[in-house]
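Breakdown of the fold
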Amino acid sequence: MSATPVLALRGVSKRFGAVQALTDVDLEIHTGEVVALVGDNGAGKSTLVKTISGVHPIDDGTIEWEGRPVRIGRPHDAQNLGVATVYQDLALCDNLDVVANLFLGSELKSASVLDEIKMEKRARELLDTLSIRIPSVRIPVAALSGGQRQVVAIARALVGDPKVVILDEPTAALGVEQTAQVLDLVERLRERGHGVILISHNMADVKAVADRVAVLRLGRNNGTFSVADTTNEEIIAAITGATDNAVTRRKARTATAPKEGAK
Amino acid sequence: MSDLAKTPTSTDSDTPAPAAPVPAVDPRLLVREEGLAGYWTEFKRKMRGGELGSLPVVIGLIVIAVVFQLKNDHFLDASSLANIAVFTSGLGIMAVGIVFVLLLGEIDLSVGSVAGMGAAVWAVLSVTHGLNDWLAVVLAVLTGLVIGAVHGAFFAKIGVPAFVVTLAGFLGWSGLQIWLMGGEGSINTPEGSVVEDLTGHFFADKAAAYGLAAVAILAYAASLLLDSKRRKAPRCPRAVSAIVLRTAVVPSRGRRRVRPERARGARGLPLALVLFLAVLVIADFVARRTTFGRQVFAVGGNAEAARRAGINVDRVRITVFAISGMLAAFGGLFIASLSGGATKSLGGGNTLMMVIAAAVIGGTSLFGGRGKVWSALLGMLVIQSIQQGLNLLGMASEIQYMITGAVLLAAVVIDSVSRRTQKSAGRA
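Residues numbered from 1 in each chain as written. Chains lettered and ligands numbered in written order. Predicted model: local features only at pLDDT ≥ 70, side-chain atom pairs only at ≥ 80, totals over all residues. Heavy atoms only, no water.

**Some remarks on the pattern of salt bridges**
Residue and element names in this part refer to chain A. All told, the structure shown has 16 salt bridges over all chains when counted by the stated rule. A salt bridge links lysine 14 to aspartate 59, with the shortest nitrogen-to-oxygen separation between them at 3.8 Å. With lysine 14 in strand β1 (residues 7-16) and aspartate 59 in the loop between α1 (45-52) and β4 (60-65), this residue pair connects regions lying 45 residues apart in the sequence. Notably, a salt bridge pairs arginine 188 with aspartate 184, separated by 4.0 Å at the nearest N-O pair. Taken together, the residues arginine 188 and aspartate 184, both in helix α6 (residues 176-191) and 4 residues apart, mark about one turn of the helix. Accessibility assignment for this pair places arginine 188 and aspartate 184 in one class, buried. (Salt bridge = Lys/Arg side-chain N within 4 Å of Asp/Glu carboxyl O. Helix = DSSP H or I, 4+ residues; strand = E, 2+ residues; numbered from the N terminus. Buried < 20%, exposed > 50% of the residue type's maximum accessible area, 1.4 Å probe, protein only.)

Have a look at this one:
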């Protein structure tokens with residue numbers, strides 16, 4: 001793990017009208033690290049990810065990229081820095097083939113004509129290095145299964161060679177086998193030195209691939225855990241707020257060292 | 001999900017060992033085998049999967065040709081085919097614009113009125129005001145371009161449904177057309193003007209026709225060979241036999257178009273056909289080989305995905321409507337040329353319906369993202385062949401309307417049925 005995080009959020013806040021979606025949230029991503037972002041519905045996971053990917057600019061706090069503060073105001077800014085986001089709805093064009101989808105928005109050209117052959121070659125190379133198996137790179141995405149679409153969507157995020165990849169619930173709609181394939185892919189991303197933010201509701205997936213788990217609760221940090229020495233119960237307790245009740249509060253008051261994770 | 005037809009074959013049981021480099025081969029892999037056999041298996045697979053492509057239209061054209069030839073043996077005469085070609089061009093050029101709009105998943109109802117506007121602008125500028133003929137033609141086409149861009153801006157920027165914007169345009173521009181034409185009601189094409197030549201000029205020289213065919217075939221073969229040379233380096237070669245086959249297919253297609261000059265009595269290769277083919281080739285190139293074309297398909301397939309991929313969706317939409325308007329005005333000049341001048345009612349009547357029908361009959365989907373520029377040619381050939389045949393048989397125009405309507409319905413039925421088959425085969 002490198003000393004300076006590639007991406008760091010410090011005291012990030014975001015309001016939507018009367019709703020305080022994020023309050024003083026901190027998050028650090030290092031290269032070659034998978035950070036799982038967990039929390040209940042409405043905890044602010046998606047909002048946090050959208051602030052990083054430039055969909056919602058932050059109201060307060062700073063975002064640091066490789067140590068220096070940056071402003072992410074538009075999706076374009078995030079892309080230029082090297083943040084790639086795979087949204088839950090994948091955002092693939094069903095009518096286009098795999099190659100066209102991979103290079104959509106960044107087509108390879110020779111003399112302003114699409115260079116299909118070069119794109120096909122690069123697509124094969126990319127899919128090979130990720131050990132992605134799909135029937136053919138020239139069939140429309142509509143013909144792929146859910147898991148295959150998911151890996152194509154992830155591969156698409158890697159075309160620009162980003163430093164941080166954000167995966168929004170990549171296994172939510174997948175079967176057992178496809179989930180395993182996607183988790184494999186997440187591990188390969190780590191091996192290739194990408195920083196990965198993984199949003200998931202599935203503890204098993206989180207335990208399987210993540211290095212650290214950052215818990216959000218009601219728009220605030222509610223602990224960051226190292227996966228290796230944390231039990232599922234502790235994480236779930238942090239998610240549901242079971243650590244934050246009358247008993248623990250009393251304990252915190254009596255014994256001055258608070259037992260809650262962060263904050 | 002669209003993976004209904006896929007059997008749940010367990011492809012990889014080695015998931016817990018991610019480090020092992022697994023060869024990227026899937027047992028369900030669909031690779032076209034080398035050579036001619038590969039084409040046949042690919043063809044069978046596509047037919048079964050409901051990917052009919054242009055096949056129904058081509059079969060339809062053959063049936064039309066056979067039926068009418070049996071009824072009247074002048075149907076396949078050179079003059080008759082030349083007639084079809086000339087009448088195909090104007091509406092066909094308009095249909096090319098409609099294909100782009102349909103690829104976006106939208107509709108342009110104003111093309112008829114814009115065609116009328118184009119003709120009116122040209123006639124008023126050139127004939128009434130004595131402007132240079134060429135300049136008048138360019139200004140007429142530019143008028144169409146601006147009108148289309150205005151439609152596109154209302155649709156893309158303000159969010160008015162394209163259906164409504166172009167419906168308003170349909171009414172508004174035909175009103176402006178009537179106002180422009182003023183008291184006269186019609187302006188005849190002067191002798192020797194550019195617009196008269198559009199459909200009135202024929203290349204009488206046989207060499208021109210055969211030359212065009214030869215150039216087309218050679219260019220096609222050369223592009224395939226060049227591709228295969230570049231493919232040799234990566235692992236995606238294309239067999240020489242396939243190139244030969246593909247090249248052989250082109251002349252059989254081309255012959256139909258170039259045939260008019262063959263027999264006596266015909267006036268030669270019509271300029272209108274050459275211009276139409278030029279528009280088709282350019283439009284096809286734009287649609288398939290440029291970033292803009294790719295963006296049109298992407299917006300038609302999934303506008304939100306296109307937006308997130310950094311595509312300027314609004315600009316694509318405005319440009320497509322501008323292209324549609326420009327080609328509509330250009331096609332309107334052909335119609336004016338055929339009917340001997342601009343009139344108050346040019347582009348009215350069933351012009352709009354014929355143009356949209358041609359694109360749909362040719363196989364471009366009404367639901368966006370799927371289609372070919374060439375469907376404008378194929379669909380228009382079907383419609384004009386039927387008209388020409390029924391004319392030769394001396395049928396009344398009301399019968400022609402009914403038959404064209406039935407053909408349109410049949411085309412949409414084929415589109416819908418093949419789409420359903422594609423869905424169940426996991427291809428749509």
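**Considerations on the environment of Val320(B)**
Assignment of secondary structure puts Val320(B) in helix α13 (residues 313-339). According to the relative accessible area criterion, Val320(B) is buried, its value standing at 0%.

**Some details on the packing of aromatic side chains**
All names here are of chain B. Tallied over the entire structure, the rule returns 3 aromatic pairs over all chains. Geometrically, the ring pair formed by phenylalanine 68 and phenylalanine 75 is tilted, given 5.3 Å between the ring centres and 40° between the ring planes. Both residues of the pair, phenylalanine 68 and phenylalanine 75, count as buried. (Phe/Tyr/Trp six-rings, centres within 6.5 Å; stacked < 30°, edge-to-face > 60°.)

**A closer look at unusual backbone geometry**
All names here are of chain A. With a phi close to 45°, glutamate 169 is a non-glycine residue in the positive phi region. Inspection of the secondary structure puts glutamate 169 in the loop between β9 (164-168) and α6. Residue classification places glutamate 169 among the buried positions, given a relative accessible area of 15%. Notably, leucine 218 is not glycine yet its phi reads approximately 50°, a positive angle. A relative accessible area of 62% places leucine 218 in the exposed class.

**Focus: the sheet that holds strand β11 (residues 212-217) of chain A**
Residues and elements named next belong to chain A. One open sheet holds the 6 strands; their spatial order is β6-β9-β10-β3-β11-β12, and the pairing between them is mixed. In the strand order of this sheet, the two ends are held by β6 (83-86) and β12 (220-226), each with one partner. On average, each strand axis in the sheet is inclined to that of its neighbour by 20°, with strand direction left out of account. Packed onto the sheet, helix α5 (residues 146-157) meets β6 and β9 and runs at close to 165° relative to β6. (Pairing = 2+ DSSP bridges. Axes fitted to C-alpha atoms, helices over the stretch in contact; angles between N-to-C directions. Contact = heavy atoms within 4.5 Å.)

**What to know about the pairing of β9(A)**
All names here are of chain A. Counting buried positions along β9 gives 5 out of 5 residues, so the element sits mostly inside the fold. Side chains Val164, Ile166 and Asp168 of β9 all project onto a buried face; the interleaved residues Val165 and Leu167 project onto the opposite face, where all are buried too. Both β6 and β9 contribute to a ladder of 4 bridges, which runs parallel. From the neighbouring strand, valine 83 faces β9, where its bridge partner is valine 164.

**Examining the confidence of the model for chain A**
Mean pLDDT over chain A works out to 83, with 92% of the residues at or above the 70 mark. Of the regions scoring below 50 in pLDDT, residues 258-263 of chain A engages in 5 contacts with residues more than four places distant in sequence or in other chains. (pLDDT = per-residue confidence, 0-100.)

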